[in-house]
Amino acid sequence: MRYIMFDMEWNYAPSPECVVVRPVPLKGEIIEIGAVMLDENLAEVGTFKSYVRPKYYKRLQKRISLLTGITKEQLDGAPRFGEVFSSFIEWCGEDACLFTWGSDDMQMLRDNMSFFKLDEAMLPPHYDLQVIYSYETSGEYAQHSLHAALENYGIEEELEAHDALNDAIYTARVARKLDMKRGLEEYASHLPLWMSHRPMDVRQWGFYEDKHQAVHSSRTCSARCPECGEALEPLRWIPGGENRKVACTSCRVHGRFFYRMFLHGMGTRGWWVKKETYRMDSQLEQYYSEKLGKFKAGSRASRRKHRKENTPV
Ligand SMILES: [Zn+2]
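Attention here is on the structure that accompanies the text. In this text, all values refer to a predicted model and were calculated from it rather than measured experimentally.

1. Quick word on the overall build of the protein
On a plain count of helices and strands, the protein comes out with twelve helices and twelve strands. Classification of the 313 residues of the protein by burial places 44% in the buried group. Long-range contacts, defined as pairs at least 24 residues apart, comprise 66% of the intrachain contacts of the protein with a sequence gap of at least 6. By element, 48% of the accessible surface of the protein is carried by carbon and sulfur atoms, the whole surface being about 17100 Å². Positive and negative side-chain charges of the protein, numbering 43 and 44 respectively, have mean locations separated by a distance of 12 Å.

In structure tokens form, the structure reads like this:
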């Protein structure tokens, strides 16, 4: 088996009004992929580095060029994402697995793949090394920066940071300090909720004038069983965090389903909505009942406040 440590850099749209939303919103456009290949003993056997010529967000954001040192000239001469991604997958070969530090890079890769209509089945299995590091050093999941991990092991940082290949090299150095065999064996049981659950269906729409309109629209509230297509009881969304809603409903034959809604403000264009469907399981059931409990307590408190304010003295 080959361990591929990889890292990416991406560029953003200059403003929310300029985000390309079809076929799916492209939050960032990948401009560099860097990777290190390790053998079973975690010895380096190869490297991969390529810039990517952006198709939509061509003007490099100042923040990104300052952070990464990437120049317009480097990107102008580079191949497009589809081409770079294909050569990366070919370079990985069979029997490879991917490692990133944190989940952002993988999310950005998946977003770019679905935007450019590349098949996710091409991707080797993926692991977040931060999860393995976190459990090995503290016995629980917490976020640690790559820099903090390097410091923790006293690893020298002589390479320029925020270069995709250098960050991949640093990730490999941290991997060598970890008990990777054990980390991989226990990985599935250590995953945070939203890393262990993948939606069975994702739909997106826009734009809505305001959040209320988005949350109460027939598109966001209607539900069909993903198994049999039967129309289900409409969704009653409850708060699920900042610009997030959750809901559930059930099919008589196929059981319960859990839904998550994300509301993205896109400036003067209004609100963009993403709706995800999950098969309900005990972890999601617990998550939902916590949100429901909070929501009910919140509305009881606001009713009490309302009564108090309207009671004549
Ligand atoms: Zn059904």
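Back to the write-up after that little detour.
2. A short note on the sheet that holds strand S12 (residues 271–279)
Strand order across the open sheet formed by five strands is S6-S12-S11-S10-S9, with antiparallel pairing between neighbours. The open sheet terminates on both sides in strands that have one partner only, identified here as strand S6 (201–208) and strand S9 (238–239). Bridging between S9 and strand S10 (residues 244–251) involves two bridges; their strand directions are antiparallel. Residue pairing in the sheet places Ile 238 in a bridge with Val 246 of S10.

3. What to know about the coordination of the zinc ion
Only Cys 225 (SG), Cys 228 (SG), Cys 251 (SG) and His 254 (ND1) from the protein reach the zinc ion as donors, at distances of 2.1 to 2.3 Å. Metal-centred angles of 105 to 114° between the four donor atoms at the zinc ion mark the site as tetrahedral. Of note, the zinc ion draws all its donor residues from one chain, in the sequence arrangement C-x2-C-x22-C-x2-H.

4. Comments concerning the nonpolar core
If you look at the biggest cluster of nonpolar residues, it comprises 27 residues, and the most contacted ones within it are Tyr 3, Met 5, Phe 99, Leu 129, Val 174 and Met 180. Those elements that place two or more of their residues in this core are strand S1 (2–12), strand S2 (28–38), strand S4 (96–100), helix H5 (129–138), helix H6 (146–152), helix H7 (164–175) and helix H8 (180–190). Excluding anything up to four places from it in sequence, Val 174 contacts Trp 101, Leu 129, Tyr 133, Leu 146, Ala 149, Leu 150, Tyr 153 and Ile 155. Formed by 23 residues, the second largest nonpolar core is a distinct cluster that contains Met 8, Trp 10, Val 84 and Met 113.

5. A closer look at a positive patch on the surface
A contiguous patch of positive charge on the surface is contributed by Lys 296, Arg 300, Arg 303, Arg 304, Arg 307 and Lys 308. Among the structural elements, Arg 303 can be located in helix H12 (residues 282–310).

6. Quick word on the pairing of strand S3 (residues 44–51)
The side chains of a regular strand alternate, first on one face of the sheet and then on the other. Relative to S3, S2 runs antiparallel, the two sharing seven bridges. Residue pairing across strands places Glu 32 opposite Tyr 51, the latter belonging to S3. Taking the residues between adjacent antiparallel strands as the criterion, S2 and S3 are bridged by five residues, where Leu 42 takes a positive phi near 65°.

7. Focus: the sheet that holds S3
Spatial ordering of the open sheet is given by S3-S2-S1-S4-S5, a layout of five strands whose pairing is mixed. A single partner strand is all that each edge strand has here, and the edge strands are S3 and strand S5 (126–128). Averaged over neighbouring strand pairs, the angle between their axes works out to 25° when direction is ignored. Contacting S1, S2, S3 and S4, helix H3 (residues 81–92) crosses the sheet at an angle of about 15° to S2. Running at roughly 105° to S5, H8 makes contact with S1, S4 and S5 of the sheet.

8. Thoughts on the pattern of salt bridges
Within the structure shown, the criterion is met by 15 salt bridges. Glu 32 is paired through a salt bridge with Lys 49; the nearest N and O atoms lie 2.8 Å apart. Of this pair, Glu 32 sits in strand S2 while Lys 49 sits in strand S3, and the two are 17 residues apart along the sequence. Using a relative accessible area of 38% as the deciding quantity, one classes Lys 49 as partly exposed. Glu 158 is paired through a salt bridge with Arg 173; the nearest N and O atoms lie 3.2 Å apart.

The rules behind each value
- Residues numbered from 1 in each chain as written.
- Predicted model: local features only at pLDDT ≥ 70, side-chain atom pairs only at ≥ 80, totals over all residues.
- Heavy atoms only, no water.
- Helix = DSSP H or I, 4+ residues; strand = E, 2+ residues; numbered from the N terminus.
- Buried < 20%, exposed > 50% of the residue type's maximum accessible area, 1.4 Å probe, protein only.
- Contact = heavy atoms within 4.5 Å.
- Areas by Shrake-Rupley, 256 points an atom, 1.4 Å probe, with all protein chains shown as cover.
- Lys, Arg positive; Asp, Glu negative; His and termini not counted.
- Charge placed at Lys NZ, Arg CZ, Asp CG, Glu CD.
- Pairing = 2+ DSSP bridges.
- Donors = N, O, S within 2.8 Å, 3.2 Å for Na, K, Ca; no water.
- Tetrahedral: all angles 85-135°; square planar, octahedral: opposite > 155°, others 65-115°.
- Core = buried A, V, L, I, M, F, W, Y, C linked by side-chain atoms within 4.5 Å.
- Patch = residues over 30% accessible without salt bridge, like charges linked within 9 Å, V, L, I, M, F, W, Y side chains within 5 Å.
- Salt bridge = Lys/Arg side-chain N within 4 Å of Asp/Glu carboxyl O.
- Axes fitted to C-alpha atoms, helices over the stretch in contact; angles between N-to-C directions.

Purely spatial values, then, with no claim about function.
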